Amino acid sequence: MRGDWARAALVHLFAAGVLLLSAPARAEDGYDLWLRYRPIEATAQAQYRPLATAVVSQATSPTLDAAKTELTKGLSGLLDRPVGAGALADGAVVIGTPASSPLIAGLKLPLAPLGNEGYLIRSTSIDGHAVTVIAANRDIGVLYGSFAFLRLIQTRQQIARLDISSAPRLKLRLLNHWDNIDGTIERGYAGHSIFDWHKMPDYMDPRYTVMARADASVGINGIALNNVSSDVWMLAPMYIGKVAALADVLRPYGVRVYLSIKFSAPVELGKLKTADPADPMVAAWWKQEVDAIYRQIPDFGGFVVKANSEGQPGPRDYNRSQAEGANVVADALKPHGGTVFWRAFVYSEKDPTDRAKQAYNEFKPLDGKFRDNVFVQTKNGAIDFQPREPVHPLFGAMPKTNLALEVQLTKEYLGQATHLVYLPVLFKEVLDWDTMAKGKGSTVARVIDGSLEGHTTSAMVGVSNIGDDRNWTGSQFNQADWYGFGRLAWDLNLTPEQIAREWLAQTFTNDPAFIDKMAPMMMASREAVVNYMTPLGLHHIMATGHHYGPGPWVDDLPRPEQNPVYFHRADAKGVGFDRTPSGSDATSQYAPPIAKLFAGPDIPDRYLLWFQHVGWDHKMKSGRSLWDELVLHYDEGVAQVAQMRQTWDAMKPYVDAERWSQTAAFLGIQAKEAQWWRDACIAYFETFSHMPMPAGHAAPPHDLTYYKAVYIPYAPGRTGYTAAPFKNTPKDPDQNGIATQIP
Ligand code: GCV
C-alpha cells in the first residue's frame, strides 16, 4: 500500500515535472517575434543535436559576430543545451566567406552566382569531420544564411544532407517608417515610434538592435526612418548625427538607413530663395548636404521623396517636372552610390481628372527621363492601399524607368491594428498580376525585378507597421505581414501559404494540428475583409480622416477627390465609378487586352464597381442581381470572421495564454466591426437601390441616421487629424439621442 502510494506520488511528480518542462518557459507577449528559439520537441532535439554541436567562425567582424551570436543563441535555445563557439569537430556549423575563413576557402564552393547577399548551406566534410557550412561572398550573406539555417530547424526540415543556395531576387528590400520626430506615427497602430530621437545618440535603445535582427532575418536591407510627409528638421545637423548613430547600430545587420526629405529644404534649412531644381544654387545645396551626410554615414542609402502630393512641396511649384525634381537630388547622391525613391503618389484637387488617372498622366510621359539611381516608387494601386485594388497602371507603362513597388503593411484601410488580415495574399495578388505590357507573362514581379525590361536594379518597399508596442506591430498576427513582406521581397516565388506556415511554426508551434487549421484561416482572411468592407470593386468608402470604420455617405470634404461618394457614385440607377471609355476612360491606361476586359461585360466581379457603373438589378455572373450579390458578400465577410473566431477558439491548447487571449479579444473586435461595416453599408446603399433584402438576409438593425452618427473623434494613426466633426455628424449627438458608439 505504502509502495503504491509512493509510486503514485512519483508518477504525479514526474507528470508535473514533464508538464513544467514542456510548458512555455515564460509568458509570451510577442516581443520575441518569430525569433523565439524555444526548445523543440525532445525527439526532434535528438535528431538535430549531433548535427549542430558548435559554431566555427574563423574571423571576427560585426556582421560575422552577429551571425555567430544568432546561431549560438538560436541553437542553444532550440536544442535546449548550450551550443557555443568552438573548434572543428563532427557536427560543427562552419560559417564564413572565402576571404575570412581558410576552411571555407579550402572547399572551393560555387559562390560566384550568389552575389553580395546570397548564401550557400551545405553538408560536407572537412578534415574528416562531418560539418555544415554556411558560406557566402560577403559577411552579410553569412548572416542571412545563418537565419535560414535556424529556420530549417524551427520548421523541422532535415539538415543532414543540405545543399541549399539562395540569393535575393530584388536588390533593395526596404521598409518605410512613417514615423515623425515627435514620436507619433502617421497611420501607426502599434503605439509610438520606436525611435527616441531626443535621447539619441547618447542612449541607443536595445530595441533598435532587436529590430535590425528581425529585419535581417527576413532579408530587409534598408529602412527609411521618417515619414514621407517629411519634417525638414530631419536633415538638420543635430539629427544627422543621431541618424549616424542609428546607422551604426543597424549596419552589422545589413540594414542601410534612408531618409524622407522635404523638397523645400533648400529654402527652409538652407535659407535659399528657391528650391527650384533648375537653379544651380539649389543643386549645389543638395550636393553639399548629401556630402555632409556621407561624411558621417558612408553607406547611407538615399532619400525617399513625396513631392507635390497632399500638400507637400515639389518641383511643380516651380513649373519643373517630377523628373527634374528627382534628378537634382539623384545627382547629389550618385557619386556616393545613393538612391532616390521618388513617389508616384500624386493627385490634385485642382485637377478634375479621375484621381485614379492622375499619377499615370503625370509620370508616363516622363519615362526615360529619370536618372538611373532613381526609382519611381509606385503604390500597388492607383488610389490608396485599399482592401483590393486593380494594379496601378504605371506598372508596365514605364519601360525605361526603374519602378519600385510600394505596399502598405500598416493596415490603414484594412481594420488597422485589430483586424486579422494576412497581407502577403494581397502582395502576391499584385506581384502575379499580368500587366500584358510585353505580352502574356509581363507580371508586376517581372516589372519590378527588372527582368521584363533588362534593368539592373530592383526594389520593393513596405510601409512599416512597427511601433513601440511590446508585440511590435499592434497585434500578434500583424507580425506575419512584416515577416511575409521580407520573405516575399527576397523570393518573389514563395507562396503566401508557405510563408504563413513557416511563420506560424516559428511564432507559435510547429504542431501540424495547429498549422493545418491556422494557415487556411490566414489565407482566407484577406478575402474576408474585402467582403465586409468593399466587395465587388467598391473602394475608399471608409470614414474620413482616420479611415476607421465605414463612411460611404461622406460628401463634404474640402477636397472632392477624397470623398467616399466620389468613389462609389451611388445613385438611383446604380453604383460604381464609370472608368470605361464612356466615363473617365481610366481603363485605357492598361494594356489593350486588360482595358478591353475591364470596360466590357466579362470584367471579373471583384473589379466591377471599380471600373463600371451598373444598375442595382444588373445581372451578375451568378445570375443574382447586383444588389443581392452585394448583400451576400457583406454577409459572407461577417460569416468568415465568425469562422475565424471559432478556429482560434479551438487553438487555445496550442498557444500561450497571453497571446491567445489578446488575439481572441481582437477577433471579437473584428467581428463587431465587420458587422458594423456590413450594416452601415447596406443601410446606406439601400437608400439608393430601394430593393428588398434577399431572402434569408436580415435588414440592418438600425436606420442610416444611426450609422451616420457614429463618431470616433480620436481613432489612432492620423497625424494632424482634428477631432472636429464633419457636416454629416451631429455636433451634439447626445442632444438628439443618437448613439455615438460603434453599434
Ligand atoms: C503619408 C494616404 C494616407 C496618408 C499618407 C499618404 C501617402 O493618403 O492616408 O496618411 O501620407 O497616403 O502615402 O503619402
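Computed from a prediction, not measured in an experiment: that's the story for all the values here. (Residues numbered from 1 in each chain as written. Predicted model: local features only at pLDDT ≥ 70, side-chain atom pairs only at ≥ 80, totals over all residues. Heavy atoms only, no water.)

## As for the packing of helix 5 (residues 139-154) against helix 6 (residues 206-217)
And then number 1: At a closest axis distance of 9 Å, the pairing of helix 5 and helix 6 adopts a crossing angle of 80 degrees. Judged by the angle between their axes, helix 5 and helix 6 are roughly perpendicular. Residues Leu143, Tyr144, Phe147 and Arg151 of helix 5 form the contact with helix 6, whose participating residues are Arg213, Ala216 and Ser217.
And then number 2: Residue classes in the contact of helix 5 with helix 6 are distributed as four nonpolar, one polar and two charged. (Axes fitted to C-alpha atoms, helices over the stretch in contact; angles between N-to-C directions. Helix = DSSP H or I, 4+ residues; strand = E, 2+ residues; numbered from the N terminus. Parallel < 35°, antiparallel > 145°, perpendicular 65-115°, else oblique. Contact = heavy atoms within 4.5 Å. Nonpolar A, V, L, I, M, F, W, Y, C, P; charged D, E, K, R; others polar.)

## Description of the pattern of salt bridges
And then number 1: For the coordinates displayed, the defined rule picks out 39 salt bridges.
And then number 2: A salt bridge links lysine 621 to aspartate 605; the shortest N-O distance between them is 3.6 Å. Of this pair, lysine 621 sits in the loop between strand 15 (614-615) and helix 20 (626-649) while aspartate 605 sits in the loop between helix 18 (592-599) and helix 19 (608-611), and the two are 16 residues apart along the sequence.
And then number 3: Since its relative accessible area comes to 52%, lysine 621 is described here as exposed.
And then number 4: A salt bridge links arginine 624 to glutamate 629; the nearest nitrogen and oxygen atoms lie 3.1 Å apart.
And then number 5: Here arginine 624 falls in the partly exposed class, since its relative accessible area comes to 35%.
And then number 6: Connected through shared salt-bridge partners, Glu28, Asp32, Arg36, Arg38, Asp656 and Arg659 make up one network. (Salt bridge = Lys/Arg side-chain N within 4 Å of Asp/Glu carboxyl O. Buried < 20%, exposed > 50% of the residue type's maximum accessible area, 1.4 Å probe, protein only.)

## Some words on the sheet that holds strand 5 (residues 163-166)
And then number 1: Taken in spatial order, the five strands of this open sheet run 1-2-4-3-5, and their pairing is mixed. Only two strands of the sheet have a single partner each, and these edge strands are strand 1 (54-57) and strand 5. Neighbour-to-neighbour, the strand axes of the sheet open up by a mean angle of 25 degrees, direction not taken into account.
And then number 2: As paired elements, strand 1 and strand 2 (residues 92-96) share four bridges and run parallel to each other. Bridged to alanine 54 within strand 2 is alanine 92.
And then number 3: Across the face of the sheet, helix 5 comes into contact with strand 2, strand 3 (119-126), strand 4 (129-135) and strand 5 while running at roughly 75 degrees to strand 3. (Pairing = 2+ DSSP bridges.)

## Here's the deal with the site of the ligand
And then number 1: Glu186, Lys306, Arg343, Lys379 and Glu412 are the nearest of the 15 residues found near the ligand.
And then number 2: One nitrogen or oxygen atom from the side chain of glutamate 186 is found 2.4 Å from an oxygen atom belonging to the ligand.
And then number 3: Note that an oxygen atom of the ligand is positioned 2.7 Å from one of the side-chain N or O atoms of arginine 187.
And then number 4: Protein contact buries 97% of the 340 Å² of open area that the ligand shows by itself.
And then number 5: The residue makeup of the shell around the ligand, split by class, is four nonpolar, three polar and eight charged. (Near = heavy atom within 4 Å. Polar contact = N/O pair within 3.5 Å; in protein donor to acceptor, adjacent residues only side chain to side chain. Areas by Shrake-Rupley, 256 points an atom, 1.4 Å probe, with all protein chains shown as cover.)

## A look at helix 11 (residues 355-363)
And then number 1: Within helix 11, seven of the nine residues are buried, leaving the element largely enclosed by the surrounding structure.
And then number 2: Within the sequence span of helix 11, burial applies to Arg355, Ala356, Lys357, Gln358, Ala359, Tyr360 and Phe363.
And then number 3: In this structure, the buried side of helix 11 is in contact with helix 10 (322-333), strand 10 (339-343), strand 11 (374-379) and helix 17 (564-568).
And then number 4: Taking the backbone nitrogen of alanine 356 as reference, a side-chain oxygen 2.9 Å away marks aspartate 354 as the first, capping residue of helix 11.

## A short note on the side chain of histidine 546
And then number 1: In this fold, histidine 546 is placed in the loop between helix 16 (512-533) and helix 17.
And then number 2: A distance of 3.2 Å separates a polar atom in the side chain of histidine 546 from the backbone oxygen of isoleucine 712.

## Thoughts on helix 10
And then number 1: Between the first and last C-alpha of helix 10 there are 17 Å, a value that for 12 residues agrees with the 16 Å anticipated at 1.5 Å per step.
And then number 2: The buried count for helix 10 comes to 10 of 12 residues, which makes it a mostly enclosed element.
And then number 3: Along helix 10, the positions that sit buried rather than exposed are Gln322, Ala323, Gly325, Ala326, Asn327, Val328, Val329, Ala330, Ala332 and Leu333.
And then number 4: Tucked into the core, helix 10 has its buried residues touching strand 8 (256-261), helix 9 (280-296), strand 9 (302-305), strand 10, helix 11 and strand 11. (Expected span 1.5 Å × (residues − 1).)

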